[in-house]
Amino acid sequence: MIRLATLQDIDEAEKIYDEVLDYEAEHGTTTNWVKGKYPTRKTAEKALTAGTYYVGEDETGNIFGTVNLNHIQPAEYSNIPWTMEGEGDEVLVVHTLCIRPEYRGKGYAKEFMAFAENLAKEKGCKVIRLDTWEGNEPAKKMYPSLGYRLAGDTLFFFEQVIWETLVCYEKQMK
């Protein structure tokens with residue numbers, strides 16, 4: 001089940017970020033995120049305050065991941081040759097999709113994406129856009145398998161913290 005996060009979920013969200021970054025420090029990164037810089041508790045709190053932060057719970061009530069779904073397109077998106085039209089609230093943007101290491105490979109990221117698509121349709125969005133680090137091979141395989149079109153890549157100063165090339169995807173909502 002995916003639901004809007006509450007204040008009580010923030011401690012768990014922070015733990016998930018730390019678990020992911022600790023796992024990647026040991027096994028190699030797929031996110032290129034930096035512990036203590038992004039994502040952090042403040043990342044979760046900001047999205048919670050905006051009313052755009054969601055958590056996923058498994059059948060036992062444990063939180064398996066988090067995501068921020070809003071209409072905020074990073075400035076660098078202007079460098080991408082998008083082919084699907086949409087401006088402002090017509091575009092749902094997927095940010096910081098994060099799955100706990102022990103839940104990876106079990107379809108939970110796809111569950112979040114299905115939720116995002118349903119939310120986009122409910123909100124009347126024309127398109128979903130998202131980005132991922134160029135080295136995130138699992139995400140670069142998953143998004144096209146879900147019908148997302150590779151729109152391009154560009155250098156980002158991600159969250160004013162990390163210089164990196166991000167690969168961008170889009171999907172038309174019907």
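Being a predicted model, the structure only gives us computed values, none of them experimental.

Caption draft 1: Layout of the layout of surface pockets. In this model, the largest pocket occupies a volume close to 1200 Å³. W33, H95, T96, L97 and C98 are, among the 50 residues lining the largest pocket, the residues nearest its centre. Every element with two or more residues in the lining of the largest pocket is listed here: α2 (41-50), β3 (63-70), β4 (91-99), α3 (108-122), β5 (127-133), α4 (137-145), β6 (149-158) and β7 (162-172). It is β4 that provides the largest number of residues to the lining of the largest pocket, a total of 6 residues. Of the residues that constitute the lining of the largest pocket, the class distribution is 25 nonpolar, 15 polar and 10 charged.

Caption draft 2: Layout of the side chain of N68. With respect to the helices and strands, the residue N68 is situated in strand β3. Only 2.5 Å separates the side chain of N68 from the side chain of T52, close enough to count as a polar contact. Filtering out sequence-adjacent residues up to four positions away, N68 remains in contact with A47, T52, Y53, V93, V94 and H95.

Caption draft 3: A look at the packing of aromatic side chains. Taken as a whole, this structure holds 12 aromatic pairs when the rule is applied. By the ring-pair criterion, three or more aromatic residues cluster together here, those being F64, Y103, Y108 and F112. Residue placement shows K106 over the ring face of Y103; its charged tip is 6.0 Å from the ring centre.

Caption draft 4: A look at the side chain of D9. Here D9 is to be found in the loop between β1 (2-4) and α1 (10-27). Take D9: its relative accessible area is 7%, and that puts it in the buried class. In this structure, D9 is in contact with R3, L4, V55 and I63, ignoring residues within four places of it in sequence.

Caption draft 5: Layout of the state of the cysteines. Overall, the coordinates contain 0 disulfides when judged by the stated rule. Not part of a disulfide, C125 finds its nearest cysteine sulfur in C168, a span of 17 Å. Note on C125: relative accessible area 5%, which makes it buried. With a relative accessible area of 0%, C168 lands in the buried category.

Caption draft 6: Here's a closer look at the pattern of salt bridges. Using the criterion set out here, one finds 15 salt bridges in the structure. E12 is paired through a salt bridge with K15; the nearest N and O atoms lie 3.8 Å apart. Placement of the pair is E12 and K15 together in helix α1, with a separation of 3 residues, close to one helical turn. The residue E12 makes a salt bridge to R100 at a minimum N-O spacing of 2.6 Å. Of the two residues, E12 sits in helix α1 while R100 sits in the loop between β4 and α3, which places them 88 residues apart along the sequence. Judged by relative accessible area, R100 falls into the buried class, the value being 5%. Three or more residues joined by partner-sharing salt bridges are found here, namely E12, K15, E19, R100 and E102.

Caption draft 7: Examining the pairing of β4 more closely. Counting buried positions along β4 yields 9 of 9 residues, so the element is predominantly enclosed. Taken together, the 5 bridges between β3 and β4 define a ladder with antiparallel strand orientation. Following the sheet pairing, N68 is matched in β4 by H95. Alignment of β4 against β5, held across 4 bridges, turns out to be parallel. Bridge pairing in β5 links V93 to R129. Handedness of the crossover joining β4 and β5 through α3 is recorded here as right-handed.

Cut-offs used in this document
- Residues numbered from 1 in each chain as written.
- Predicted model: local features only at pLDDT ≥ 70, side-chain atom pairs only at ≥ 80, totals over all residues.
- Heavy atoms only, no water.
- 1 Å grid on protein atoms, 1.4 Å probe; cavity = no way out; pocket = protein on both sides within 12 Å on 5 of 7 lines; lining within 4 Å.
- Points joined across faces, edges and corners; volume = space filled by probe spheres on them.
- Helix = DSSP H or I, 4+ residues; strand = E, 2+ residues; numbered from the N terminus.
- Nonpolar A, V, L, I, M, F, W, Y, C, P; charged D, E, K, R; others polar.
- Polar contact = N/O pair within 3.5 Å; in protein donor to acceptor, adjacent residues only side chain to side chain.
- Contact = heavy atoms within 4.5 Å.
- Phe/Tyr/Trp six-rings, centres within 6.5 Å; stacked < 30°, edge-to-face > 60°.
- Lys NZ or Arg CZ within 6 Å of the ring centre and 35° of its normal.
- Buried < 20%, exposed > 50% of the residue type's maximum accessible area, 1.4 Å probe, protein only.
- Disulfide = S-S within 2.5 Å.
- Salt bridge = Lys/Arg side-chain N within 4 Å of Asp/Glu carboxyl O.
- Pairing = 2+ DSSP bridges.
- Right-handed = clockwise from strand over helix to strand, strands pointing away.

Bear in mind that shape data such as this cannot, by itself, settle questions of function.
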